[in-house]
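# Results of the structural survey
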Amino acid sequence: MPELPEVETVRRGLEIAMQGHLLQAVLQRRPDLRRPFPPFFVERLTGRRVMALERRAKYLILRLDEDLALLIHLGMSGRLLITRQDESPPGKHDHVIFDLDTGVRVVFHDPRRFGAMDLTSASLIGDHPLLRDIGPEPLDASFTVKSLAPRLMKRSSAIKIVLLDQTVIAGIGNIYASEALFRAGIAPDRAADELRPFEIAKLVPAIKQVLTEAVAAGGSSLRDHRQPNGELGYFQHGFKVYDREGQPCPGCTCRTGILRKIQGGRSTFYCASKQR
DNA sequence: CGGCAAACCTGCGAGC
DNA sequence: TGCTCGCAGGTTTGCC
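A brief look at the structure comes next.

Cut-offs applied
- Residues numbered from 1 in each chain as written.
- Chains lettered and ligands numbered in written order.
- Predicted model: local features only at pLDDT ≥ 70, side-chain atom pairs only at ≥ 80, totals over all residues.
- Heavy atoms only, no water.
- Phe/Tyr/Trp six-rings, centres within 6.5 Å; stacked < 30°, edge-to-face > 60°.
- Buried < 20%, exposed > 50% of the residue type's maximum accessible area, 1.4 Å probe, protein only.
- Helix = DSSP H or I, 4+ residues; strand = E, 2+ residues; numbered from the N terminus.
- Core = buried A, V, L, I, M, F, W, Y, C linked by side-chain atoms within 4.5 Å.
- Contact = heavy atoms within 4.5 Å.
- Pairing = 2+ DSSP bridges.
- 1 Å grid on protein atoms, 1.4 Å probe; cavity = no way out; pocket = protein on both sides within 12 Å on 5 of 7 lines; lining within 4 Å.
- Points joined across faces, edges and corners; volume = space filled by probe spheres on them.
- Nonpolar A, V, L, I, M, F, W, Y, C, P; charged D, E, K, R; others polar.
- Near = heavy atom within 4 Å.

Quick look at the packing of aromatic side chains now. Under the criterion given, the structure shown has five aromatic pairs. When the ring of Phe 235 is compared with that of Phe 239, the centres are 6.0 Å apart and the planes differ by 70°; the resulting orientation is edge-to-face. Summarising the burial analysis for this pair, Phe 235 and Phe 239 share the class buried. Measuring from centroid to centroid gives 5.1 Å for Tyr 242 and Phe 269, while their planes differ by 70°, and the two rings are edge-to-face. Residue Tyr 242 is found in the loop between α7 (197-216) and β9 (259-263), and its partner Phe 269 is found in strand β10 (residues 266-270); the two are separated by 27 residues along the sequence. The exposure class of Tyr 242 is buried, given its relative accessible area of 11%.

Below, the structure written as structure tokens:
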């Protein structure tokens, strides 16, 4: 499902349901997702208290007591849903169930199983191999033209491809890469290292703006994404180009409208007139 | 190291 | 109705 806004939406929902409470029972219903679960997954989690919920890029971090941290990635189709322990039995793709001491149940549901979970030391979380090389958070004040420009100057690939690289910027995925480039007026196949300073000066606020608006809307709900309370996000109504091939461009009067092309095996949506 | 294709999975809608 | 094909908010791996 999930890019930064969707994962942040999940974080906020889980924070309300889980923070301060005990993991009374954990049920792991299959041996692996994309990779095997870590050894003694259930045993290490059972009885732990959830101290805090954080997000880094598209990862959720559950800080637990006893210096333990649970790292969760939702992959393409993962959801975390809040329900009650007395509700219907788990379904086919409900792979992990967290029962809290409050009667709340949190279900990890992931049909494609591209998701991932790992356990690690909470105090050394930044050193974890999955987090170690991730780039700056785009909504942090430290993400600026000055910090982004040198990173882009090292890359000759198309800017759309580079925006998806989590070591360059954290949390952008296929939707928000297209949306940010449209808002910045930059063509997706431009080489990253050939962008001019004034273009990077448009790109940075475009990224911040589209992500901020999407977080405020509870993310985008296309196929799988739900907020943890089951409600839909609604930023899909704010898309200007994503999944709008053939529709009129909302930014200009060109006759071609929104185009779709494949970059790195994935769809990019753009307007050839407004984006140069 | 950079760049690119393939692989990992299941489900759904379109077209025949 | 039922089949095949293409496509899907991601990341890792392996090869050049």
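Here we come to the nonpolar core. If you look at soluble globular proteins, the nonpolar side chains tend to sit buried side by side. Counting residues in each nonpolar core, the largest one holds 41 residues, and the members touching the most others are Leu 148, Leu 152, Ile 159, Leu 163, Leu 203 and Ile 207. Put simply, the parts of the chain that give this core at least two residues each are α4 (145-152), α5 (159-163), α6 (174-184) and α7. Per element, the largest residue contribution to this core is nine residues, and it comes from α7. Discounting residues that sit within four places of it in the chain, Leu 152 has contacts with Ile 159, Val 162, Val 168, Ala 192, Asp 193, Leu 195, Ile 200 and Leu 203. Within the second largest apolar cluster, 29 residues are counted, among which are Phe 41, Leu 74, Val 106 and Leu 119.

The next subject is the pairing of strand β2 (residues 50-56). Inspection of the sheet shows β2 paired to strand β3 (residues 59-64) by six bridges, in the antiparallel sense. In the strand pairing of β3, Ala 52 is matched with Arg 63. Where β2 hands over to β3, the hairpin turn is made up of two residues, of which Ala 57 adopts a positive phi near 55°.

Take unusual backbone geometry next. Unlike most non-glycine residues, Glu 66 shows phi in positive territory, near 60°. Summarising the element assignment, Glu 66 is placed in the loop between β3 and β4 (68-73). At Asp 243, a position not held by glycine, the phi torsion is positive, near 60°. The residue Asp 243 is located in the loop between α7 and β9 in this model. The class of Asp 243 is partly exposed, set by a relative accessible area of 48%.

Turning our attention to the side chain of Ser 178. Position of Ser 178 among the secondary structure elements: in helix α6. Judged by its relative accessible area of 2%, Ser 178 is buried. Aside from chain neighbours lying at most four places away, what touches Ser 178 is Lys 160, Val 241, Thr 268 and Phe 269.

With that settled, consider empty space enclosed by the protein. Tallying each qualifying case throughout the model produces one cavity of 30 Å³ or more. Looking at the largest cavity, its volume works out to about 40 Å³. Surrounding the largest cavity, Leu 33, Arg 35, Pro 36, Phe 37, Ala 116 and Met 117 form its lining. Considered class by class, the residues forming the lining of the largest cavity number five nonpolar, no polar and one charged.

Here the focus is the protein's contact with DNA strand B. Around DNA strand B, the neighbouring residues are Lys 92, His 93, Pro 111, Arg 112, Arg 113, Phe 114, Arg 155, Ser 156 and Ser 157. In terms of residue class, the surface near DNA strand B is made up of two nonpolar, three polar and four charged.

Scope: geometric values only; no functional claims are made or implied.
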